[in-house]
There are 4 protein chains.
Amino acid sequence: MSDTVDHDALAAAVAEGMYPRDKAAQAMGIEIIEAKAGTATAKMTVRDDMLNFHGTCHGGMMFAFAGSILAYVINGDNRAAVAQGCSITYTRPAHLNDQLTAICKVVNQAGRSGVYDVEVTNQNSEIVALFRGQSSKIKGEAVPGLNKQFGIYGTTN
Amino acid sequence: MSDTVDHDALAAAVAEGMYPRDKAAQAMGIEIIEAKAGTATAKMTVRDDMLNFHGTCHGGMMFAFAGSILAYVINGDNRAAVAQGCSITYTRPAHLNDQLTAICKVVNQAGRSGVYDVEVTNQNSEIVALFRGQSSKIKGEAVPGLNKQFGIYGTTN
Amino acid sequence: MSDTVDHDALAAAVAEGMYPRDKAAQAMGIEIIEAKAGTATAKMTVRDDMLNFHGTCHGGMMFAFAGSILAYVINGDNRAAVAQGCSITYTRPAHLNDQLTAICKVVNQAGRSGVYDVEVTNQNSEIVALFRGQSSKIKGEAVPGLNKQFGIYGTTN
Amino acid sequence: MSDTVDHDALAAAVAEGMYPRDKAAQAMGIEIIEAKAGTATAKMTVRDDMLNFHGTCHGGMMFAFAGSILAYVINGDNRAAVAQGCSITYTRPAHLNDQLTAICKVVNQAGRSGVYDVEVTNQNSEIVALFRGQSSKIKGEAVPGLNKQFGIYGTTN
């Protein structure tokens, strides 16, 4: 990848191109706050249809929230990537109307494989879940056409 | 727990009591097919609003599906339990309208902690995801009142 | 791979070829009891130099035991493989002189990636640890020369 | 815990009290470089008896190294703790005579449960493995007598 590429601008453009096609994130009301090279931030409010039978936020919804922002970071260089395996630890319950923030950061990216962490916090800055994802690059651009626009040429995968 | 308790009937009654309060599972269109002592089965069809930007089923939705059926098994003895940590490995993509089946089985339950596996397959019996959850017992009944109905007395937690 | 290949015999031959080069397994006193296609069994006795400061078997030694037998199963088709990521849950302590058994079984192998489970039990058949490994195929034969001997031709990786 | 406790000094004293009883860490040649409140650092050189059949450092030995330093951090407040579940991702091979460093840091500690990360690097500061551990507090002091010495009174577990 050329040294002249603005990696932060590329990550932001990838996020802009991805979101309209990301129906699951839209359906969950997830908002992408920021996308830069190697990191991104999202927000989601716990809705009534996200509650489990205990009356707290379903762990699967917290995972889906964390996994959503993961997708924006692992694709942020516009080389398409997928999550291969992920783990989550729940540290405290989230409740109806809680405003959750998920921050994803790259821990290690080597060749086609990467490790990324997501921290999910509530409106009181308390950690509710810790998520770690392993990603794998696949063929193609995350958002077709962006490579050319950003002056990226050659096979990057 | 008394030897005279019908554990399979108890697990089925717990599931019946849990589902009406499990808004997330209902919102995802998850159907509980069977709940017995130590195992349960659910079905879910991949909807348009479950797709990620690749156009395949969002990994978070597959996790939420697996995590949902986990809840029915770890609460199946009516001693309330929560998932503490979970991991998932994706083995092949799931597509729009795929009919997914999730089967959860206990691997080990010792004291308050348990390990449970969920296998998610598609309509061709191909594995799409493998999920492992660690559970932790909390205080109380999963479905209040069921203990008495099934002749379970004393503090089981 | 030809249909005429005896996959169980191949796995046994791979194990025989691997063990003399597996210095870590030898140093831990791990014994490979059986290696077949998709499964293998090992034994290890908890030694004094495997204890942690609590006086019980170091969790790292239990992991290394489980990871060792994993290697024999993921390489059992003689296509070289490595562990990419692994997780372990400890269900009860192991003690000095405990005789541990680890049984590894394939859960899913698709393309170059696989998921394998290892169950570690003590001499009373109690589960002490549950291990799950993700493997990845690399280039080459696990034991060079075995492919020819077993009539396997062509690029299998 | 009293505000007047020197938590860094306590963590160092715990490490000093733990190491002589930590036979596995000694047998692996692990050296504890530093132990402070919430973090600790260890070093280990890859020996010949730590190699797997590929001729690289056995993944189980890397895990045992990471898990060892984890023990010093989760016990650093002298409230005894054990690892409940751990996962590791291997990012590059380690070779004979590589000098590995493991740094463990607390990510979250809430009640009796905690999440801790360990990063293992080689002599070129390249990440070779990423480890995440879930801990659980048990009864008692990690190093009996230290609470009194540091002016910690009352039941902290």
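Refer to the structure above for everything that follows.
Residues numbered from 1 in each chain as written. Chains lettered and ligands numbered in written order. Predicted model: local features only at pLDDT ≥ 70, side-chain atom pairs only at ≥ 80, totals over all residues.

Draft legend 1. Just the interface of chain A and chain B, in detail. The partner chain B presents 29 residues to the 29 residues of chain A that form the contact. Those elements that provide at least two residues to the side of chain A that touches chain B are α2 (23-27), α3 (59-74) and β3 (79-90) of chain A. For the side of chain A that touches chain B, the class distribution of residues is 14 nonpolar, 10 polar and five charged. Bridge count for β3 of chain A against strand β3 (residues 79-90) of chain B is five bridges, and the pairing is antiparallel. The partner of T89 of chain A across the bridge, within β3 of chain B, is G85 of chain B. (Contact = placed C-beta atoms within 7 Å. Helix = DSSP H or I, 4+ residues; strand = E, 2+ residues; numbered from the N terminus. Nonpolar A, V, L, I, M, F, W, Y, C, P; charged D, E, K, R; others polar. Pairing = 2+ DSSP bridges.)

Draft legend 2. Representation of the pairing of strand β4 (residues 99-110) of chain C within the structure. Residue and element names in this part refer to chain C. The sheet contact formed by strand β2 (residues 39-45) and β4 spans seven bridges and is antiparallel. Residue pairing in the sheet places A40 in a bridge with C104 of β4. Where β4 lies against strand β5 (residues 113-121), nine bridges are found, and the strand directions are antiparallel. The partner of I103 across the bridge, within β5, is E119. Linking β4 to β5, which pair antiparallel, is a turn of two residues; within it G111 sits at a positive phi near 60 degrees.

Draft legend 3. Broad picture of the relation of the copies chain B and chain C. Take chain B, turn it by 180 degrees, move it 0.0 Å along the axis, and it overlays chain C with an RMSD of 0.0 Å. Put plainly, the chains are arranged around a two-fold axis. Interface overlap between copies: 100% of the residues of chain B at the interface are likewise at the interface in chain C, consistent with a symmetric, same-surface contact. (Least-squares fit on C-alpha atoms with pLDDT ≥ 70 in both.)

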